Amino acid sequence: MSRNEFRFVVDGVDLTPEQQSHIAGEIQKAGLAALSSAGAQLATPLALGHANLKLRPEWYGIWVIDGPFAQELGQKINDIGFWMPR
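A quick note: this is a predicted structure, and the numbers were derived from the prediction, not measured. Along every chain, residues carry numbers that run from 1 in the direction the sequence is written. Where totals are concerned, whole chains, interfaces and linings use all residues; where local detail is concerned, this predicted model gives features only for residues with pLDDT of at least 70, and gives and counts side-chain atom pairs only at 80 or more. Water and hydrogen atoms play no part in the side-chain values, which are based on all heavy atoms of the structure.

A.B. asks: Where do I start with the overall build of the chain in this structure?
C.D. replies: The helix and strand inventory of the chain stands at 2 helices and 2 strands. Helices and strands in the chain line up, N terminus first, as α-β-β-α. By definition in these notes, contact holds between two residues if any of their heavy atoms fall within 4.5 Å. A separation of at least 24 residues holds for 43% of the contacts in the chain among residues at least 6 apart in sequence. What sets the accessible areas is the Shrake-Rupley method with a 1.4 Å probe; for residues, cover comes only from the shown protein chains. Accessible surface, the chain: about 7400 Å² in total, of which carbon and sulfur atoms supply 58%. Numbering of helices and strands runs from the N terminus; a helix is a DSSP stretch of H or I covering at least four residues, while a strand is a stretch of E covering at least two.

And the structure:
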């Protein structure tokens, strides 16, 4: 399984928590749009992410997982019954 990682770093700019959450949400949308416009072939994608500053910082942003691991993880999430309406 291959892994590609992209980062967006803002250094030296004071941002409020609201601004940080807003930027994180916009980056999530832009990342998914970039995958689509690049023509990435995803079989069973699972997108996980958050913009909640109180959660672990390494999870901040978005992770797109594809393939068997995405299916396995998605099934575990379904088994827990976790669901959030949009």
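Still more ground to cover, so stick around.
A.B. asks: So what exactly am I meant to see when it comes to the confidence of the model for the chain here?
C.D. replies: Any residue range with low pLDDT should be treated as having predicted coordinates unsuitable for detailed reading. Predicted confidence across the chain gives a mean pLDDT of 81, with 81% of residues reaching 70 or more. One confidence number per residue, pLDDT, is output by the predictor and ranges from 0 to 100. Across the chain, the secondary-structure element scoring lowest on mean pLDDT is strand S1 (residues 46-50), at 77, and the one scoring highest is helix H1 (residues 17-37), at 87.

A.B. asks: Got a minute to help me understand helix H2 (residues 68-80) in this structure?
C.D. replies: A turn of α-helix holds 3.6 residues, and therefore any two residues three or four places apart point the same way. Take the number of residues in a helix, subtract one, and multiply by 1.5 Å to get its expected span. In this model, H2 (13 residues) spans 19 Å end to end at C-alpha, consistent with the 18 Å of a helix rising 1.5 Å per residue. Just downstream of H2 lies Gly81, where phi reads positive at about 85°.

A.B. asks: Help me out: how do you make sense of a nonpolar patch on the surface in this one?
C.D. replies: Taken together, the side chains of Phe8, Val10, Val13 and Ile27 present a nonpolar region at the surface, about 350 Å² in accessible area. Its place among the elements puts Ile27 in helix H1. What makes a patch is a set of residues exposed beyond 30% relative accessible area and free of salt bridges, joined within 9 Å when like-charged and within 5 Å when nonpolar (Val, Leu, Ile, Met, Phe, Trp, Tyr). Salt bridge, as applied in this entry: a Lys or Arg side-chain nitrogen positioned within 4 Å of an Asp or Glu carboxyl oxygen.

A.B. asks: I'm lost on the environment of Leu42 in this one. Help?
C.D. replies: Positionally, Leu42 belongs in the loop between H1 and S1. Judged by its relative accessible area of 37%, Leu42 falls in the partly exposed class. Taking the C-alpha atoms as reference points, Leu42 and Val64, 22 residues apart in sequence, are found 9.6 Å from one another. Burial status follows relative accessibility: with a 1.4 Å probe on protein chains alone, a residue under 20% of its type maximum counts as buried, one over 50% as exposed, and anything between as partly exposed.

A.B. asks: Before we go on, may I ask you to explain H1 in this structure?
C.D. replies: Counted at 1.5 Å a residue, the expected span for H1 with its 21 residues is 30 Å, and the 30 Å between its end C-alpha atoms agrees. Phi turns positive, to about 75°, at Gly39, one or two residues after H1.

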